[in-house]
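Given next are the chains, with one letter for each unit.
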Amino acid sequence: MTEPAAPEGRNRLARETSPYLRQHADNPVDWFPWGDEAFAEAKRRDVPIFLSVGYSACHWCHVMAHESFEDDQVAAQLNEAFVNVKVDREERPDVDAVHMAVTQAMTGHGGWPMSVWLTPDGHPFHAGTYFPREPRHGSPSFPEVIDAVADAWRDQREKVVGSAATITARLAEHRDVEVADAIDLAVTDEAADAVLSAAWDRRLGGFGRAPKFPQAMTISWLLHRHARTGDGPALEAAVQALTAMARGGIHDQLAGGFARYATDAAWLVPHFEKMLYDNALLLPAYAEAAALTTGEVHSELARVARSTAHYLLTDLGTEDGVFVAATDADSEGVEGRYFVWSYAELVAVLEDHGHDADLWTAFLGVVPDGNWEGTNILHEPVDRVTFAAGRDLDPDVFAGAWDVVRRDLLAHRAGRVPPGVDDKVLTSWNALAALGLARAGRLLDEPRWVTAAARCLDRLHDVHHVEGALQHTSSLVDGARTARIPAFLEDVAGLALADLEIFGATGEPRWYDRALELAEHANARFEDREEGGWFQTPEDADDLYTRPKDTWDNATPAGTSVMVEVCLQLAGLSGDLAWRDHAERGIRSMVGAAARMPTGYGWLLRQLEALAAGPREVAILGRSGPARHVLAREVARRPRPGVVAIVSDVDHGDRVPVLARRGEVEDRPAAYVCRDLACERPVTTPAELASLLD
């Protein structure tokens, strides 16, 4: 089928659905999307491919675009010397992963924008990240790099091709996998000791030095570790990190939600883009921490969980129940402009609404000279309870007054030019959002969040399945949502796990059936049968020189880590221990690295806490009502490592083994607690259930 021509004056990216790619449709660079057409053109012209990888919310991607890709002279150089390919890393995580490994191997670091030069056969031979338009701090300019690469291709072709072949052969052969002979659950103790002794910033909260990332998966693991073992420092480190982030500039104090990371160690200065996955992962972490704490700490953590859920549902949610990918760091071409305040502007807005400007500027850390580059990032230098007490204000009265002030400031900010929105819908990130809403909803007894999660998943199953095959992404095209790009492991595993969470909340067998089908599909097409775990791409993917395998819980969980959780749950729900075998092979392929770099394996380490606790299934059967609800709340009132809880009506049928032939006891909702395929007698009171669980 012949592709439609791009509109006059625009390049091929005008035909794409990715907002990031369409941002470059008016560049003078003759961009191609990733695909056969680009490689065929490179072979026809006998020139290298220049591969540029980025994403919509990436600040430095925009900088390089403005400096170089919108520059006629630079574009002419690129067009003459190369076939130029633009990739949205979120649309093609496989292309990104393979070439990020190349970039890190060649330069010792990675990041976006990523710039890689390939032979016409797709073998990389030169790589870097951001190149400035003019020479800077000893770095060559991008035009100089273009000329050097073009000269090497013209004058040293044999050397370049040989180098590319060597690089790709070594990377294709290299597997960053050391398969353990057995699973030593003591690795969780070693990992916790390492994190708490070396990585934990006890003064400012969080882990490591600047720039600081939220590390929601590490936090969630530490919370589950505390729930299993009573480890006090694990809880302290997790709660301190969450509290510091909530008070910092990384947290949008007006609308809720969190930015991607803080550029400083004190959490004040964010990189202002907001990503769906960060907020999807932080929401259940705040809910888990709230469930494990009491008093003012509990109230504050629960408040942030609720504001984060509100942000997800209102700012990132769409009319059809799914979630967009991100909002940009920039507006009007300036990073953070939408979010920051001059002292004069804030005072004027406060006084216009009759608020005490001195009180609220102090509370928000706003000063005349600014706290960042002459302007102000809103944050809480002192926690609100202490701040109110220092001014003899009742905390509840202060909180109510702040909510009025917050809404007035938010209304004023809404009049500014907002950041751009990346409105593509990614299956994997939406699955994380649904999972986070459902888990937090069960912990904090917010059933509407569970309902929103189920609606999102129903939409994904409907629209993101095309002719029976799950797709990775969709975008609105002429008012209709169009899905494309065959699913990756992160999509299949994430959707399966979210389905299982909704099955637990509703007991409706269709969610179990969906999860089971997806997990079977993952094992058939993605599993690494030699070393354990699962590949990022299906076995029939053939447009990369190597098959990537994501084994690091980085910004998002590794597909293998998620599949481990899926398999552990299915083993208990189905009674089929073959699922346990799949999970354990996946764990053995990653556990060695988790022991050495625990902050990069938070999702996996949480599964090890579940194994150490001993997997248990709790089936609560009965008619909907207060008696069933109190049993469900007993299970869900705090994190319980290893526990999978299902709440179901009595007409569930017998398709799901864990529910089969079970129902009420003496016309009362009953809870069945099972471990290692053996079940305790059913109980009907929360006290009896708590005794069995604890």
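Here the structure is a predicted model, which means the values were calculated and not measured. (Residues numbered from 1 in each chain as written. Predicted model: local features only at pLDDT ≥ 70, side-chain atom pairs only at ≥ 80, totals over all residues. Heavy atoms only, no water.)

**Points about the overall build of the protein chain**
Stage number 1. Helix and strand counts for the protein chain come out as 26 helices and 20 strands.
Stage number 2. The C-alpha radius of gyration computed for the protein chain amounts to 26 Å, which stays within 12% of the reference 26 Å derived for 694 residues, consistent with globular compactness.
Stage number 3. For the protein chain, the C-alpha atoms occupy an extent of roughly 85 × 65 × 50 Å along the three principal directions.
Stage number 4. Buried residues in the protein chain amount to 59% of all 694 residues.
Stage number 5. Within the protein chain, contacts between residues separated by at least 24 positions form 68% of all contacts whose residues are at least 6 apart in sequence.
Stage number 6. Accessible surface, the protein chain as shown: approximately 27,400 Å² in total, 49% of it carbon and sulfur.
Stage number 7. Averaging the locations of the 67 positively and 108 negatively charged side chains of the protein chain gives two centres separated by 3 Å. (Helix = DSSP H or I, 4+ residues; strand = E, 2+ residues; numbered from the N terminus. Rg over C-alpha atoms; globule rule 2.2 N^0.38 Å. Buried < 20%, exposed > 50% of the residue type's maximum accessible area, 1.4 Å probe, protein only. Contact = heavy atoms within 4.5 Å. Areas by Shrake-Rupley, 256 points an atom, 1.4 Å probe, with all protein chains shown as cover. Lys, Arg positive; Asp, Glu negative; His and termini not counted. Charge placed at Lys NZ, Arg CZ, Asp CG, Glu CD.)

**Describing the state of the cysteines**
Stage number 1. Counted under the stated rule, the structure contains 2 disulfides.
Stage number 2. Each disulfide pairs two cysteine sulfurs, and for Cys58 the partner residue is Cys61, the sulfurs being separated by 2.3 Å. Here Cys58 and Cys61 share a disulfide; its torsion about the S-S bond, 80°, makes the bridge right-handed.
Stage number 3. Overall, the relative accessible area of 4% leaves Cys58 in the buried class. (Disulfide = S-S within 2.5 Å.)

**Focus on the confidence of the model for the protein chain**
Stage number 1. The pLDDT averaged across the protein chain works out to 94; a share of 98% of its residues lies at or above 70.
Stage number 2. pLDDT under 50 marks residues 1–5. Its contacts with residues more than four places away, or in other chains, come to 3 contacts. (pLDDT = per-residue confidence, 0-100.)

**Notes on the packing of aromatic side chains**
Stage number 1. A complete count under the given rule lists 28 aromatic pairs for this structure.
Stage number 2. A ring pair is formed by Phe50 and Trp117, whose centres lie 4.9 Å apart and whose planes are at 35°; its orientation type is tilted. Here Phe50 is found in strand β2 (residues 49–54), whereas its partner Trp117 is found in strand β4 (residues 114–118), with 67 residues between them in sequence.
Stage number 3. Residue Phe50 is classed as buried on the basis of its relative accessible area of 0%.
Stage number 4. Aromatic side chains Phe272 and Phe339 sit 5.9 Å apart centroid to centroid with 10° between the ring planes, which places their arrangement in the stacked category. With Phe272 in the loop between β7 (270–271) and β8 (274–275) and Phe339 in the loop between β11 (334–335) and α13 (343–352), this pair connects stretches of sequence that are 67 residues apart. With respect to class, Phe272 is no different from Phe339; both count as buried. (Phe/Tyr/Trp six-rings, centres within 6.5 Å; stacked < 30°, edge-to-face > 60°.)

**Describing a negative patch on the surface**
Stage number 1. A cluster of like negative charges, contributed by Glu351, Asp352, Asp356 and Asp358, occupies part of the molecular surface.
Stage number 2. Mapping Asp358 onto the fold places it in helix α14 (residues 357–363).
Stage number 3. Take Asp358: its relative accessible area is 61%, and that puts it in the exposed class. (Patch = residues over 30% accessible without salt bridge, like charges linked within 9 Å, V, L, I, M, F, W, Y side chains within 5 Å. Salt bridge = Lys/Arg side-chain N within 4 Å of Asp/Glu carboxyl O.)

**A few points about the packing of helix α19 (residues 489–506) against helix α20 (residues 509–525)**
How two helices sit against one another is set out by the angle between their axes and by the gap between those axes.
Stage number 1. Taken N-terminus to C-terminus, the directions of α19 and α20 make an angle of 155°; their axes are 8 Å apart at the nearest point. Between α19 and α20, the angle falls in the class roughly antiparallel. For α19 against α20, the interelement crossing comes out left-handed. Along the contact surface, α19 presents Leu489, Val492, Leu495, Ala496, Asp499, Leu500, Ile502, Phe503 and Thr506, while α20 presents Pro509, Trp511, Tyr512, Arg514, Ala515, Leu518, His521 and Ala522. (Axes fitted to C-alpha atoms, helices over the stretch in contact; angles between N-to-C directions. Parallel < 35°, antiparallel > 145°, perpendicular 65-115°, else oblique. Left-handed = near helix turned anticlockwise from the far one by under 90°.)

**A look at helix α12 (residues 295–316)**
Stage number 1. Between its terminal C-alpha atoms α12 stretches 31 Å, which fits the 32 Å expected from 22 residues at 1.5 Å a residue.
Stage number 2. The set of residues buried in α12 consists of Leu301, Ala302, Val304, Ala305, Ser307, Thr308, Ala309, Tyr311, Leu312 and Leu316.
Stage number 3. Tucked into the core, α12 has its buried residues touching α10 (232–247), β8, α11 (276–291), β9 (326–327), α17 (427–443) and α18 (447–463). (Expected span 1.5 Å × (residues − 1).)

**Structural notes on the sheet that holds β4**
Stage number 1. Pairing is mixed in the open sheet, where 5 strands are placed in the order β1-β3-β2-β4-β5. Since the sheet does not close on itself, it has two edges, and those belong to β1 (31–33) and β5 (124–128), each with one partner. Strand-to-strand twist of the sheet, defined as the mean angle between neighbouring strand axes without regard to direction, takes the value 30°.
Stage number 2. Bridge count for β4 against β5 is 4 bridges, and the pairing is antiparallel. Residue pairing for β5: Val116 is matched across the bridge by Ala127.
Stage number 3. With respect to the sheet, helix α5 (residues 93–107) is in contact with β2, β3 (83–88), β4 and β5, its orientation differing from that of β5 by roughly 80°. (Pairing = 2+ DSSP bridges.)

**Digging into the pairing of β4**
Looking down a regular strand, the side chains alternate between one sheet face and the other.
Stage number 1. Most of β4 is tucked away: 5 of the 5 residues are buried.
Stage number 2. Residues Met114, Val116 and Leu118 of β4 are buried on one face, and the alternating residues Ser115 and Trp117, pointing to the opposite face, are buried as well.
Stage number 3. Sheet topology places β2 next to β4; 5 bridges connect them, and they run antiparallel. Within β4, the residue paired with Phe50 across the bridge is Trp117.

**Here we look at the nonpolar core**
Stage number 1. With 163 residues, the main nonpolar core has Phe142 and Tyr286 as its most contacted residues.
Stage number 2. Among the elements that make up this core, the one with the highest residue count is α11 (12 residues).
Stage number 3. Listed in part, the 21 residues of the second largest apolar core include Phe32, Val83, Val116 and Ala127. (Core = buried A, V, L, I, M, F, W, Y, C linked by side-chain atoms within 4.5 Å.)

**As for empty space enclosed by the protein**
Stage number 1. Under the counting rule described, the total for this entry stands at 5 cavities of 30 Å³ or more.
Stage number 2. In this structure, the largest cavity encloses a volume near 640 Å³.
Stage number 3. Of all the elements in the fold, those that place two or more residues in the lining of the largest cavity are α17, α19, α21 (559–574), α24 (602–613), β17 (616–621), α25 (626–636) and β18 (643–648). (1 Å grid on protein atoms, 1.4 Å probe; cavity = no way out; pocket = protein on both sides within 12 Å on 5 of 7 lines; lining within 4 Å. Points joined across faces, edges and corners; volume = space filled by probe spheres on them.)

**A closer look at unusual backbone geometry**
Stage number 1. The omega angle of the peptide bond from Trp112 to Pro113 is 5°, so this bond is cis rather than trans.
Stage number 2. Inspection of the secondary structure puts Pro113 in the loop between α5 and β4.
Stage number 3. Positive phi values are uncommon outside glycine, yet Glu373 reaches one of about 50°.
Stage number 4. Mapped onto the elements of the fold, Glu373 is located in the loop between α14 and α15 (384–390).
Stage number 5. The phi dihedral of Asp667 falls on the positive side, at around 60°, and the residue is not glycine.

**Section: α10**
Stage number 1. When the terminal C-alpha atoms of α10 are compared, their 22 Å separation across 16 residues agrees well with the 22 Å that a helix rising 1.5 Å per residue should span.
Stage number 2. Buried within α10 are the following residues: Ala234, Leu235, Ala237, Ala238, Val239, Ala241, Leu242, Ala244, Met245 and Ala246.
Stage number 3. On its buried face, α10 is in contact with α8 (187–199), α9 (216–229), α11 and α12.
Stage number 4. Capping of α10 at its N-terminal end is provided by Asp231; its side-chain oxygen lies 3.2 Å from the backbone amide nitrogen of Ala234. (Polar contact = N/O pair within 3.5 Å; in protein donor to acceptor, adjacent residues only side chain to side chain.)

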